[in-house]
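Residues per chain are reported as follows:
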Amino acid sequence: MAFRDVLNIEVNAGNGGDGSMSFHRAKYMEKGGPDGGHGGKGGDIILRAIEGVESLERLLGRRKFKAPNGAYGEGRLRQGADGEDVFIDVPVGTTAFDEDSGRVLADLVAVGQEKIIARGGAGGRGNSTFTSSTRQAPRFAELGVPGQKRRVRLELRLIADVGLVGYPNAGKSSLLAALSRANPMIADYPFTTLSPILGVVARENRDERFTMADIPGIIEGASEGKGLGLEFLRHISRTRLLVYVLDVTRNPVEELRALQAELSAYDPTLLENVALVALNKVELVDADIASMVEDELAEFGLPVLKTSAKEGQGLDALRETLFQMMPAFELWTERHALELEPDTVVEESLRIEFRIDPAARGVGLVSDGQPERVWAVHGGGFEARITRFSRYLEDASEYLGGVFRRQGLYNALKRAGAREGDTVEIGAHRFEYFDDEDVRG
Ligand SMILES: Nc1nc2c(ncn2[C@@H]2O[C@H](COP(=O)(O)OP(=O)(O)OP(=O)(O)O)[C@@H](O)[C@H]2O)c(=O)[nH]1
Ligand SMILES: [Mg+2]
């Protein structure tokens, strides 16, 4: 099974269904009241963290996800059904980024956690909504909003409590095998481990356990791409505790210094992690040599535990120390919380900040010799609002005029110096400006 920790997908939430333009029909009744129902909401695309998957591999081959659209509204006030949500199941530890903005869309750190990564569009309102004392038969309805469409990069950072880091061949996999039931490959050559492996370490006679991640060895220059590079450091960037595994027969002080330099080049906060040193293969040297090395390592200010993964020496002490030093989960999540992109406001028209450019474009002459004056309106959600009635623009224009007036557009145009007969440009649409205080929407 291929270990897969980065994957690009495309997600497309469902479009909102259009509202219906309909009038009640009954025998002997020439023209009934408006009875167009609302369109349904489009389905969301939701990322969900599930248990028991440790790779994004199962998503391979499925790169596009589309949620169903909301159904159209219908006559007799029948509302269109909402489109169903689509769930994408991923391993715990998956982060989703918007490929284009780079923003974090979701960061799932616990089983069952869910996050919408593309929102379905709102349904349009049916024509029955738009009746008023002056408008008893609205011949327009609102169209549905398109669903969000995104290119998303999924990145998996295994969520392990403990991360083993060290040079190749130091005995990381051997320690994992000795402390847990995991069965990693162990061999007397560098880069035996090619992808991260997780194991569960249990405390004797107690119902306590933690997970431990073994990652490929790191060498000096890894931050410049030497060896297997630093890409696997992603998987220890969110462990609660780091174990530096050193081979006592090599040069442990030098190796630890180089390891820390590489980790820090990847992410300086990694060195703030709670950490300890496992000085491994101690059975290969005399006890006083091992103690000497231990003293030399004191400069790093980390607890040092002497182990032999091969002979089973020091393993109980290592396990016990790990349980004792483990920081609380709350502290961990606080430190590692990613800043999520705020939920996007789909109903753009709720924002009414806008800008008016006087005579921005299209200055020409009209018949009476006066220059035609064009006011271009940007922002404020006006264009999106018009789009929602694009099929019925003529019939909806009076209604839209009223909405825009309430949002302050006419006042702003007036203040800017607009005069009767000027042209107002909103996106691709053009309207004539009229200075009439009494027209109501
Ligand atoms: N003598 C002795 N040999 C050990 C000890 N621990 C591991 N080894 C041996 O060292 C070699 C490398 O062990 P691994 O556990 O594969 O080392 P690793 O750090 O996972 O190596 P990479 O996956 O290549 O980074 C193997 O031959 C192990 O049997 C130990 O405590 N004593
Ligand atoms: Mg290994």
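A quick note: this is a predicted structure, and the numbers were derived from the prediction, not measured.

## Comments concerning the coordination of the magnesium ion (ligand 2)
With distances of 1.9 to 2.1 Å, the protein atoms coordinating the magnesium ion (ligand 2) are Ser-173 (OG) and Thr-193 (OG1). Pair noted here: Ser-173 is in helix H1 (residues 172-179) and Thr-193 is in the loop between H1 and strand S10 (197-202), with a separation of 20 residues, a long-range link. As far as burial versus exposure is concerned, Ser-173 and Thr-193 are alike and both buried.

## What about the pairing of strand S17 (residues 423-426)?
Taking every second residue as pointing to the same face, both faces of S17 are buried, with Thr-423 and Glu-425 on one and Val-424 and Ile-426 on the other. In this structure, strand S16 (residues 374-379) lies alongside S17, joined through four bridges in parallel fashion. Directly across from Val-374, in S17, lies its bridge partner Thr-423. Connecting S17 to the next strand, strand S18 (residues 429-432), in antiparallel fashion are two residues, including Gly-427 with a positive phi near 55°.

## Considering the pattern of salt bridges
Between side chains of opposite charge, a pair can form when the charged atoms approach closely. Under the counting rule described, the total for this entry stands at 22 salt bridges. A salt bridge links Arg-48 to Asp-89; the nearest nitrogen and oxygen atoms lie 2.7 Å apart. With Arg-48 in strand S2 (residues 45-50) and Asp-89 in strand S4 (residues 86-91), this pair connects stretches of sequence that are 41 residues apart. One salt bridge connects Asp-100 with Arg-151, and the closest N-O pair in it is separated by 2.7 Å. You can see Asp-100 sitting in the loop between strand S5 (94-98) and strand S6 (104-107) and its partner Arg-151 sitting in strand S8 (residues 149-156), a full 51 residues away along the chain. With relative accessibility at 55%, the residue Asp-100 sits in the exposed group. For Arg-151, a relative accessible area of 41% corresponds to the partly exposed category. In the salt-bridge network here, residues are joined through shared partners; they are Asp-247, Arg-250, Glu-255 and Lys-281.

## Let's talk about the UniProt feature "binding site: Mg(2+)" (unreviewed entry) in the protein chain
As recorded in UniProt, the sites labelled "binding site: Mg(2+)" (unreviewed entry) are Ser-173 and Thr-193. These residues run over 21 residues, yet every pair of their C-alpha atoms falls within 7.6 Å of each other. By relative accessible area, Ser-173 is classed as buried at 8%. With residues near it in sequence (within four places) discarded, Ser-173 still touches Pro-184, Met-185, Ile-186, Thr-193 and Asp-214. Those residues in contact with Thr-193 that lie beyond four places of it in its chain are Ser-173, Met-185, Asp-214, Ile-215, Pro-216 and Leu-228.

## With respect to the site of ligand 1
Around ligand 1 lies a shell of 24 residues, among which Lys-172, Ser-174, Phe-191, Thr-192 and Glu-283 are the nearest. Separating a nitrogen atom of ligand 1 from a side-chain N or O atom of Asn-280 is a distance of 3.2 Å. A distance of 2.9 Å separates an oxygen atom of ligand 1 from a polar atom in the backbone of Ala-309. Its free accessible area being 650 Å², ligand 1 has 91% of it covered by the protein chains. The leading source of residues in the shell around ligand 1 is H1, at three residues. When the residues that make up the shell around ligand 1 are grouped by side-chain class, the tally is 10 nonpolar, nine polar and five charged.

## Considerations on the environment of Thr-249
Here Thr-249 is to be found in the loop between strand S12 (241-247) and helix H2 (252-266). By relative accessible area, Thr-249 is classed as partly exposed at 41%. Put simply, Thr-249 and Ile-289 are 40 residues apart on the chain and 9.6 Å apart in space, counted from C-alpha to C-alpha. Ignoring any residue separated from it by four or fewer positions in sequence, one finds Thr-249 in contact with Leu-284 and Val-285. A polar contact of 2.7 Å, which involves the side chain of Thr-249, links it to the side chain of Asp-247.

Rules used in this analysis
Residues numbered from 1 in each chain as written. Chains lettered and ligands numbered in written order. Predicted model: local features only at pLDDT ≥ 70, side-chain atom pairs only at ≥ 80, totals over all residues. Heavy atoms only, no water. Donors = N, O, S within 2.8 Å, 3.2 Å for Na, K, Ca; no water. Helix = DSSP H or I, 4+ residues; strand = E, 2+ residues; numbered from the N terminus. Buried < 20%, exposed > 50% of the residue type's maximum accessible area, 1.4 Å probe, protein only. Pairing = 2+ DSSP bridges. Salt bridge = Lys/Arg side-chain N within 4 Å of Asp/Glu carboxyl O. UniProt positions renumbered as here; feature names shortened; annotations may be inferred. Contact = heavy atoms within 4.5 Å. Near = heavy atom within 4 Å. Polar contact = N/O pair within 3.5 Å; in protein donor to acceptor, adjacent residues only side chain to side chain. Areas by Shrake-Rupley, 256 points an atom, 1.4 Å probe, with all protein chains shown as cover. Nonpolar A, V, L, I, M, F, W, Y, C, P; charged D, E, K, R; others polar.

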